[in-house]
Amino acid sequence: MRKHIARLLAVLAALAALIAAPGLPAAFAAPTVTAAQARAADDWNPPANLVQPLNEVWNHVQSTYPDLYGFRNYGWDQVMANRGSVNYCVRWESDAPVSAALRDRIHTALKKQFGKWMAAMVDNGKGHNAWPYTSVPVNIVGWAVKNRSTLQWTDSSVDIYAGNLDGGGAPQCAPDCGRFFHQDGNYSRCPGGASRHYDQSLWLTKGFQGGAGGDWGQRVGQEYFTGTLDQENIHIYLHEVGHTFGLDDFYDWTPTGQCCFLMRAGSAAQITEFDKWMFRDFWRHLKNRYGL
Ligand SMILES: [Zn+2]
């Protein structure tokens, strides 16, 4: 009888695990994991010609990042904290008017471009190397602007932050709602609550050349972004998202046999096979913090 109760408890525990973690592959919730499943969970199979340059890149990252394994606000951590989505604030640092149509085109482009990196984590409809999400919805929850009149729409589909300026005078969404400022996930002071928090900012600055990217989001020129909305690859933005997920620049060295890829600025205008595998390698080295 005790045995039966023990087994019943084990079944209940497995069910509870399933309910608590709906995004996880079934193998992690099952009471037993076979050796084959365990191997599949640590699947690493880059093309043979990429093995050496990928190892070079990771060795370089390990020897140059000051807090590689302690830092917990990579794009990976943000998506995991949200259980598979990301929230954006658009910082419109420009006096160019924004119609509802332009706003919606910016949203569409942002979702498509961000989705290109997320698609790099999926093989045949399955997350690569235990990555739990086959798609990562992008929500734009707010727009920040200096003067409300710059934004020409009247509907309430996004929160608007007018005249909330950072130390440099650029418009920002409320810091109380920003993950950069609240990495403990406490958004109790965000007017719209946790559902209106933002993980990243898309910072569009008039006259800004080039780009910048990090855990806080990405910054590119306003004219550049609005001028490339219909392009298949908004490559400066894509490069900066690579930084958000931890990828490095390659200004002073080149991995063996790799001349041209997105993270080597100026050498490619789309996510290449090498970029994809560097991205996957970053996840491979971080995933154990999530028990994966
Ligand atoms: Zn860069």
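Within each chain, residue numbers correspond to sequence positions counted from 1 in written order. Under the rules for a predicted model, residues below a pLDDT of 70 receive no local features and side-chain atom pairs below 80 are neither given nor counted, while totals for whole chains, interfaces and linings still include all residues.

1. Here's the deal with the packing of helix α4 (residues 48-64) against helix α9 (residues 273-286)
Turning to step 1, where the next piece is worked out: Structural elements are reduced to axes, namely lines fitted to C-alpha atoms, with helices fitted over the stretch in contact, and the angle between N-to-C directions of any two is expressed from 0 to 180 degrees. Working definition: helices are DSSP H or I runs of at least four residues, strands are E runs of at least two. Numbering for both runs from the N terminus. Between α4 and α9, the shortest axis-to-axis distance is 10 Å and the interhelical angle comes to 55°. With respect to α9, the axis of α4 lies oblique. With respect to the hand of their crossing, α4 and α9 are arranged in right-handed fashion. For the pair α4 and α9, the contacting residues are Leu-50, Pro-53, Leu-54, Val-57 and Trp-58 in the first and Phe-274, Trp-277, Met-278, Asp-281 and His-285 in the second.
Turning to step 2, where the next piece is worked out: Of the residues contributing to the contact of α4 with α9, the split by class is eight nonpolar, one polar and one charged. Any angle between 65 and 115 degrees counts as roughly perpendicular, while under 35 counts as roughly parallel, over 145 as roughly antiparallel, and the rest as oblique. For any helix crossing, the convention is left-handed if the near helix is rotated counterclockwise from the far helix by under a right angle, and right-handed if that rotation is clockwise. C-beta atoms are first placed from the backbone for all residues, and any pair lying within 7 Å is then listed as a contact. Gly counts as polar in this scheme, as do all residues outside two lists: the nonpolar Ala, Val, Leu, Ile, Met, Phe, Trp, Tyr, Cys and Pro, and the charged Asp, Glu, Lys and Arg.

2. A look at the pairing of strand β6 (residues 200-205)
Turning to step 1, where the next piece is worked out: Partly exposed residues are those whose C-beta has more than 12 but fewer than 20 other C-beta atoms within 10 Å; 20 or more makes a residue buried and 12 or fewer makes it exposed, with C-beta atoms placed from the backbone. Among the six residues that make up β6, five are buried, leaving the element largely enclosed by the rest of the structure.
Turning to step 2, where the next piece is worked out: Bridging between strand β1 (residues 86-93) and β6 involves six bridges; their strand directions are parallel. Paired with Arg-91 across the strands is Trp-203, a residue of β6.
Turning to step 3, where the next piece is worked out: Two strands pair when backbone bridges link them, and β6 and strand β8 (residues 217-221) are joined in this way by five bridges, in the parallel orientation. Looking at β8, one finds that Trp-203 is bridged to Arg-219. For two strands to be treated as a pair, DSSP must find at least two bridges joining them.

3. Quick notes on helix α6 (residues 100-119)
Helical periodicity: at 3.6 residues per turn, an α-helix aligns residues three or four positions apart in one direction.
Turning to step 1, where the next piece is worked out: Its 20 residues place the ends of α6 28 Å apart at the C-alpha level, agreeing with the 28 Å of an ideal helix rising 1.5 Å per residue.
Turning to step 2, where the next piece is worked out: The complete set of buried residues in α6 reads Arg-103, Ile-106, Leu-110, Gln-113, Phe-114, Trp-117 and Met-118. Projected onto a plane normal to the axis of α6, the buried residues spread over an arc of 150° and lie on a single side. Facing away from the buried side of α6, by more than 90 degrees, are the exposed residues Ala-101 and Thr-108.
Turning to step 3, where the next piece is worked out: The elements touched by buried residues of α6 are β1, β4 (138-145), β6, α8 (235-244) and α9. What a helix should span is 1.5 Å times the count of its residues minus one. By arc we mean the arc of the directions from the helix axis to the C-beta atoms, nothing more.

4. Side note on the environment of Trp-143
Turning to step 1, where the next piece is worked out: Relative to the assigned elements, Trp-143 resides in strand β4.
Turning to step 2, where the next piece is worked out: Here Trp-143 is in contact with Val-90, Trp-92, Leu-151, Val-158 and Ile-160, once residues within four sequence places are set aside.

5. Re the pairing of β8
The side chains of a regular strand alternate between both faces of the sheet.
Turning to step 1, where the next piece is worked out: Summarising burial for β8: five of the five residues are buried, a large majority.
Turning to step 2, where the next piece is worked out: Bridge analysis of strand β7 (residues 211-214) against β8 gives four bridges, and the strand direction is antiparallel. Each bridged residue has a counterpart across the sheet, and for Gly-211 the counterpart in β8 is Val-220.

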